[in-house]
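The lines below spell out each chain.
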Amino acid sequence: MEYLKLLGILIIVVGFVLKWDTTAVVVIAAIVTGLFSGMDFVKLLEVIGKSFVDNRMVSLFFLTLPMIGLVESHGLRDYAVNAIKKLKKLTAGKILNIYLLIRELAGVFGISLQGQVQFVRPLIAPMVIAAEDQDKKKLTESEIDLIKGRSAAVDNFGNFFAQNLFVASGGVLLISSTMKSLGYKVDPVGIVLNTIPIAIITFILVFAYNLYFDRQMKKWEGQ
(Lines give C-alpha, C1' and ligand atoms only; values in the text may rest on other atoms or scores of the structure.)
Protein backbone atom coordinates (compact mmCIF):
# COMPACT_ATOMS: atom_id res chain seq x y z
CA MET A 1 0.00 0.00 0.00
CA GLU A 2 2.96 2.33 0.60
CA TYR A 3 3.70 2.31 -3.13
CA LEU A 4 0.23 3.66 -3.89
CA LYS A 5 1.33 6.98 -2.39
CA LEU A 6 3.64 7.36 -5.39
CA LEU A 7 0.70 7.37 -7.83
CA GLY A 8 0.71 11.16 -7.63
CA ILE A 9 4.16 11.26 -9.23
CA LEU A 10 3.02 8.91 -11.97
CA ILE A 11 -0.04 11.10 -12.65
CA ILE A 12 2.16 14.20 -12.99
CA VAL A 13 4.58 12.45 -15.36
CA VAL A 14 1.79 11.03 -17.55
CA GLY A 15 -0.13 14.31 -17.50
CA PHE A 16 2.89 16.34 -18.61
CA VAL A 17 3.83 13.83 -21.30
CA LEU A 18 0.28 13.84 -22.71
CA LYS A 19 0.13 17.65 -22.35
CA TRP A 20 -2.96 17.69 -20.18
CA ASP A 21 -4.01 20.82 -18.31
CA THR A 22 -1.17 21.52 -15.86
CA THR A 23 -3.32 22.84 -13.00
CA ALA A 24 -5.74 19.93 -13.21
CA VAL A 25 -2.90 17.39 -13.27
CA VAL A 26 -1.23 18.86 -10.19
CA VAL A 27 -4.50 19.09 -8.22
CA ILE A 28 -5.50 15.51 -9.10
CA ALA A 29 -2.04 14.24 -8.18
CA ALA A 30 -2.25 16.03 -4.82
CA ILE A 31 -5.69 14.58 -4.09
CA VAL A 32 -4.65 11.04 -5.02
CA THR A 33 -1.50 11.25 -2.92
CA GLY A 34 -3.40 12.64 0.06
CA LEU A 35 -6.16 10.02 -0.07
CA PHE A 36 -3.73 7.10 -0.32
CA SER A 37 -1.77 8.61 2.58
CA GLY A 38 -4.87 8.30 4.78
CA MET A 39 -5.85 11.96 4.93
CA ASP A 40 -9.48 12.94 5.44
CA PHE A 41 -10.93 14.40 2.22
CA VAL A 42 -12.09 17.63 3.88
CA LYS A 43 -8.74 18.05 5.61
CA LEU A 44 -7.00 17.43 2.29
CA LEU A 45 -9.01 20.20 0.62
CA GLU A 46 -8.10 22.52 3.50
CA VAL A 47 -4.38 21.78 3.00
CA ILE A 48 -4.61 22.38 -0.76
CA GLY A 49 -6.52 25.63 -0.24
CA LYS A 50 -4.07 26.88 2.40
CA SER A 51 -1.10 26.05 0.15
CA PHE A 52 -2.68 27.99 -2.69
CA VAL A 53 -3.36 31.04 -0.50
CA ASP A 54 0.13 30.98 1.04
CA ASN A 55 1.76 30.89 -2.41
CA ARG A 56 -0.69 33.06 -4.33
CA MET A 57 1.97 35.75 -4.90
CA VAL A 58 3.70 33.37 -7.32
CA SER A 59 0.75 33.60 -9.70
CA LEU A 60 1.15 37.39 -9.94
CA PHE A 61 3.98 36.71 -12.39
CA PHE A 62 1.39 35.96 -15.08
CA LEU A 63 -0.15 39.41 -14.65
CA THR A 64 3.10 40.96 -15.90
CA LEU A 65 2.86 39.29 -19.31
CA PRO A 66 0.00 41.47 -20.66
CA MET A 67 1.78 44.51 -19.23
CA ILE A 68 4.93 43.67 -21.19
CA GLY A 69 2.93 43.35 -24.39
CA LEU A 70 1.23 46.70 -23.83
CA VAL A 71 4.55 48.39 -23.09
CA GLU A 72 6.10 47.11 -26.30
CA SER A 73 3.03 47.83 -28.43
CA HIS A 74 2.99 51.45 -27.24
CA GLY A 75 6.55 52.00 -28.35
CA LEU A 76 8.60 52.03 -25.13
CA ARG A 77 11.12 49.69 -26.69
CA ASP A 78 11.44 51.88 -29.82
CA TYR A 79 11.73 55.01 -27.69
CA ALA A 80 14.53 53.49 -25.61
CA VAL A 81 16.40 52.39 -28.74
CA ASN A 82 16.10 55.84 -30.34
CA ALA A 83 17.27 57.50 -27.13
CA ILE A 84 20.39 55.33 -27.03
CA LYS A 85 21.18 56.08 -30.67
CA LYS A 86 21.25 59.79 -29.81
CA LEU A 87 23.85 59.19 -27.10
CA LYS A 88 26.89 58.41 -29.21
CA LYS A 89 29.29 57.89 -26.30
CA LEU A 90 27.28 55.11 -24.67
CA THR A 91 28.63 51.65 -25.50
CA ALA A 92 27.14 48.25 -24.76
CA GLY A 93 29.45 47.73 -21.80
CA LYS A 94 28.68 51.14 -20.30
CA ILE A 95 24.94 50.56 -20.49
CA LEU A 96 25.33 47.17 -18.84
CA ASN A 97 27.45 48.72 -16.08
CA ILE A 98 24.82 51.38 -15.45
CA TYR A 99 22.14 48.70 -15.32
CA LEU A 100 24.23 46.60 -12.93
CA LEU A 101 24.61 49.61 -10.61
CA ILE A 102 20.86 50.28 -10.73
CA ARG A 103 20.16 46.57 -10.09
CA GLU A 104 22.34 46.50 -6.98
CA LEU A 105 21.11 49.83 -5.63
CA ALA A 106 17.54 48.63 -6.10
CA GLY A 107 18.43 45.60 -4.00
CA VAL A 108 19.56 47.89 -1.16
CA PHE A 109 16.04 49.34 -0.96
CA GLY A 110 14.29 46.02 -1.53
CA ILE A 111 13.05 47.02 -5.00
CA SER A 112 12.73 44.21 -7.53
CA LEU A 113 13.10 45.07 -11.23
CA GLN A 114 11.57 41.68 -12.12
CA GLY A 115 14.50 40.46 -14.17
CA GLN A 116 14.67 38.78 -17.55
CA VAL A 117 11.17 38.68 -18.99
CA GLN A 118 9.79 41.91 -17.61
CA PHE A 119 12.85 44.17 -17.85
CA VAL A 120 15.82 42.77 -19.76
CA ARG A 121 14.07 41.46 -22.87
CA PRO A 122 11.79 44.43 -23.63
CA LEU A 123 14.12 47.23 -22.54
CA ILE A 124 17.75 46.55 -21.57
CA ALA A 125 18.73 44.16 -24.38
CA PRO A 126 17.31 46.41 -27.17
CA MET A 127 19.15 49.40 -25.68
CA VAL A 128 22.45 47.51 -25.60
CA ILE A 129 21.93 46.26 -29.17
CA ALA A 130 21.17 49.82 -30.32
CA ALA A 131 24.31 51.17 -28.67
CA GLU A 132 26.44 48.58 -30.41
CA ASP A 133 24.59 48.79 -33.70
CA GLN A 134 25.20 52.51 -34.16
CA ASP A 135 28.89 51.87 -34.86
CA LYS A 136 28.20 49.14 -37.43
CA LYS A 137 26.03 48.81 -40.49
CA LYS A 138 24.38 45.66 -39.17
CA LEU A 139 25.02 43.24 -36.33
CA THR A 140 25.14 39.55 -37.14
CA GLU A 141 22.74 37.09 -35.53
CA SER A 142 25.55 35.61 -33.44
CA GLU A 143 26.55 39.06 -32.17
CA ILE A 144 22.96 39.89 -31.27
CA ASP A 145 22.62 36.59 -29.41
CA LEU A 146 25.87 37.31 -27.59
CA ILE A 147 24.61 40.75 -26.51
CA LYS A 148 21.30 39.27 -25.33
CA GLY A 149 23.16 36.64 -23.36
CA ARG A 150 25.45 39.23 -21.81
CA SER A 151 22.48 41.41 -20.84
CA ALA A 152 20.79 38.44 -19.16
CA ALA A 153 24.03 37.52 -17.38
CA VAL A 154 24.44 41.02 -15.94
CA ASP A 155 20.88 40.90 -14.64
CA ASN A 156 21.59 37.55 -12.99
CA PHE A 157 24.77 38.85 -11.37
CA GLY A 158 23.01 41.92 -10.00
CA ASN A 159 20.04 39.95 -8.75
CA PHE A 160 21.81 36.94 -7.27
CA PHE A 161 24.64 38.70 -5.45
CA ALA A 162 22.69 41.78 -4.31
CA GLN A 163 19.26 40.38 -3.45
CA ASN A 164 20.14 40.12 0.25
CA LEU A 165 21.13 43.77 0.70
CA PHE A 166 17.69 44.60 2.13
CA VAL A 167 17.10 43.46 5.70
CA ALA A 168 13.45 42.52 5.06
CA SER A 169 13.95 40.74 1.73
CA GLY A 170 12.62 37.21 1.33
CA GLY A 171 16.09 35.72 1.00
CA VAL A 172 17.39 37.33 4.20
CA LEU A 173 14.34 36.27 6.21
CA LEU A 174 14.52 32.72 4.82
CA ILE A 175 18.22 32.36 5.68
CA SER A 176 17.68 33.80 9.15
CA SER A 177 14.70 31.59 10.01
CA THR A 178 16.31 28.45 8.57
CA MET A 179 19.59 28.94 10.46
CA LYS A 180 17.74 29.68 13.69
CA SER A 181 15.72 26.49 13.30
CA LEU A 182 19.02 24.62 13.05
CA GLY A 183 20.30 26.18 16.27
CA TYR A 184 22.51 28.94 14.83
CA LYS A 185 22.18 32.52 16.00
CA VAL A 186 21.84 34.48 12.77
CA ASP A 187 20.71 38.09 12.66
CA PRO A 188 19.15 39.56 9.46
CA VAL A 189 21.35 42.65 9.83
CA GLY A 190 24.43 40.42 9.98
CA ILE A 191 23.36 38.72 6.74
CA VAL A 192 23.07 42.10 5.01
CA LEU A 193 26.47 43.24 6.31
CA ASN A 194 28.09 40.07 5.00
CA THR A 195 26.35 40.51 1.64
CA ILE A 196 27.74 44.03 1.09
CA PRO A 197 31.36 42.98 0.27
CA ILE A 198 30.03 40.24 -2.03
CA ALA A 199 27.93 42.78 -3.93
CA ILE A 200 30.90 45.17 -4.21
CA ILE A 201 33.24 42.46 -5.49
CA THR A 202 30.59 41.35 -7.98
CA PHE A 203 30.17 44.90 -9.27
CA ILE A 204 33.93 45.37 -9.73
CA LEU A 205 34.42 42.08 -11.57
CA VAL A 206 31.37 42.44 -13.81
CA PHE A 207 32.21 46.11 -14.47
CA ALA A 208 35.68 45.10 -15.68
CA TYR A 209 34.31 42.28 -17.80
CA ASN A 210 31.76 44.57 -19.44
CA LEU A 211 34.59 46.92 -20.48
CA TYR A 212 36.41 43.89 -21.86
CA PHE A 213 33.18 42.98 -23.68
CA ASP A 214 33.32 46.39 -25.40
CA ARG A 215 36.85 45.66 -26.57
CA GLN A 216 35.75 42.31 -27.93
CA MET A 217 32.95 43.90 -29.91
CA LYS A 218 35.27 46.55 -31.36
CA LYS A 219 37.74 43.85 -32.30
CA TRP A 220 35.04 41.97 -34.21
CA GLU A 221 33.99 45.17 -35.92
CA GLY A 222 37.43 45.45 -37.48
CA GLN A 223 37.31 41.93 -38.87
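Along each chain, numbering runs from 1 in the same order as the chain's sequence is written. Given that this is a predicted model, residues contribute local features only at a pLDDT of at least 70 and side-chain atom pairs are listed and counted only at 80 or more, while totals for whole chains, interfaces and linings are drawn from all residues. Working from all heavy atoms in the structure, the side-chain values ignore hydrogens and water.

### A short note on the overall build of the protein chain
- Across its full length, the protein chain carries ten helices and zero strands.
- Numbered from the N terminus, helices here are DSSP runs of H or I no shorter than four residues, and strands are runs of E no shorter than two. Written out in order from the N terminus, the α and β elements of the protein chain read α-α-α-α-α-α-α-α-α-α.
- Within the protein chain, counting contacts between residues at least 6 apart in sequence, those at least 24 apart form 66% of the total.
- In the structure as shown, the protein chain presents an accessible area of about 14600 Å², 69% of it carried by carbon and sulfur atoms. Here, residues are in contact when the closest pair of their heavy atoms is within 4.5 Å. For every accessible area listed, the method is Shrake-Rupley and the probe measures 1.4 Å; residues are considered covered only by the protein chains on display.

### As for the packing of helix α1 (residues 7–17) against helix α2 (residues 22–36)
- An axis is simply a line fitted to the C-alpha atoms; with a helix, the fit covers only the stretch in contact. Between two such axes, the angle follows the N-to-C directions and lies from 0 to 180 degrees. Relative orientation of the contacting elements α1 and α2 amounts to 165°, with a least axis distance of 8 Å. Our classification of the angle between α1 and α2 gives roughly antiparallel. Our pair here, α1 against α2, has a crossing hand that is right-handed. Of the residues in α2, those in contact with Leu-7, Gly-8, Ile-11, Ile-12, Gly-15 and Phe-16 of α1 are Thr-22, Val-25, Ile-28, Ala-29, Val-32, Thr-33 and Phe-36.
- Three residue categories are used. Nonpolar comprises Ala, Val, Leu, Ile, Met, Phe, Trp, Tyr, Cys and Pro, charged comprises Asp, Glu, Lys and Arg, and polar comprises the others, including Gly. Classifying every residue of the contact of α1 with α2 by side-chain character gives nine nonpolar, four polar and no charged. When describing relative orientation, an angle under 35 degrees is termed roughly parallel and one over 145 degrees roughly antiparallel, while 65 to 115 degrees is termed roughly perpendicular and anything else oblique. Take the far helix as the reference: if the near one is turned anticlockwise from it by less than a right angle, the crossing is left-handed, and if turned clockwise, right-handed.

### Regarding the layout of surface pockets
- Lining residues are those with an atom within 4 Å of a point, where the points come from a 1 Å grid over the protein atoms alone and group into cavities, where a 1.4 Å probe fits but cannot get out, or pockets, open sets with protein on both sides within 12 Å along at least five of seven lines. Grid points are joined across faces, edges and corners, and a volume is the space filled by probe spheres set on the points. By volume, the second largest pocket is sized at about 330 Å³.
- In this structure, the second largest pocket is lined by 18 residues; those nearest its centre are Arg-103, Ile-111, Ser-112, Asn-159 and Gln-163.
- Where the lining of the second largest pocket is concerned, the elements lending two or more residues are α6 (92–108), α7 (115–133), α8 (141–162) and α9 (170–181).
- A total of three residues in the lining of the second largest pocket trace back to one element, the largest contributor, which is α8.
- Class assignment of the residues belonging to the lining of the second largest pocket gives a composition of four nonpolar, 13 polar and one charged.

### Observations concerning the pattern of salt bridges
- One speaks of a salt bridge when a side-chain nitrogen belonging to Lys or Arg is within 4 Å of a carboxyl oxygen belonging to Asp or Glu. One pass over the full model with this rule turns up one salt bridge.
- Between Arg-103 and Asp-155 there is a salt bridge; the shortest N-O distance is 2.8 Å. One end of the pair, Arg-103, is in helix α6; the other, Asp-155, is in helix α8, with 52 residues separating them in the sequence.

### Focus on the nonpolar core
- As used in this record, nonpolar core signifies buried Ala, Val, Leu, Ile, Met, Phe, Trp, Tyr and Cys residues forming a set joined through side-chain atoms within 4.5 Å. Exposure is judged per residue with a 1.4 Å probe applied to protein chains only, and the accessible area is read against the type maximum: over 50% gives exposed, under 20% gives buried, and values in between give partly exposed. Core analysis: the largest hydrophobic core is formed by 17 residues, its most contacted members being Ile-124, Val-128, Leu-139, Ile-147 and Val-154.
- Among the elements of the structure, α6, α7, α8 and α10 (188–221) are those that each provide at least two residues to this core.
- Residues in contact with Val-128, not counting those within four places in the same chain, are Ala-92, Ile-95, Leu-96, Ile-147 and Ser-151.

### Describing the environment of Thr-33
- Mapped onto the elements, Thr-33 comes out in helix α2.
- With relative accessibility at 28%, the residue Thr-33 sits in the partly exposed group.
- As a C-alpha pair, Thr-33 and Gly-8 span 25 residues in sequence and 5.2 Å in three-dimensional space.
- If we ignore the near neighbours within four places in the chain, the residues touching Thr-33 are Lys-5 and Gly-8.

### A few points about the side chain of Asp-155
- Note on Asp-155: relative accessible area 2%, which makes it buried.
- Setting aside anything within four residues of it in sequence, one finds Asp-155 in contact with Tyr-99, Arg-103, Gly-115, Gln-116 and Val-120.

### Describing the packing of aromatic side chains
- Only the six-membered ring of Trp is used, alongside the rings of Phe and Tyr, when aromatic pairs are assigned; centres must lie within 6.5 Å, and planes under 30 degrees apart are stacked while those over 60 apart are edge-to-face, with the rest tilted. By the definition in use, this model includes four aromatic pairs.
- A centroid spacing of 6.4 Å and a plane angle of 20° characterise the contact between Phe-157 and Phe-161, whose relative ring orientation is stacked. Taken together, the residues span about one helical turn, with Phe-157 and Phe-161 both in helix α8 at a distance of four residues.
- Phe-161 gets classed as partly exposed once you look at its relative accessible area, which sits at 29%.
- An angle of 80° between the planes, with centres 5.0 Å apart, marks the rings of Phe-160 and Phe-161 as edge-to-face.
- Among the aromatic residues, ring-to-ring pairing joins Phe-157, Phe-160 and Phe-161 into one connected group.

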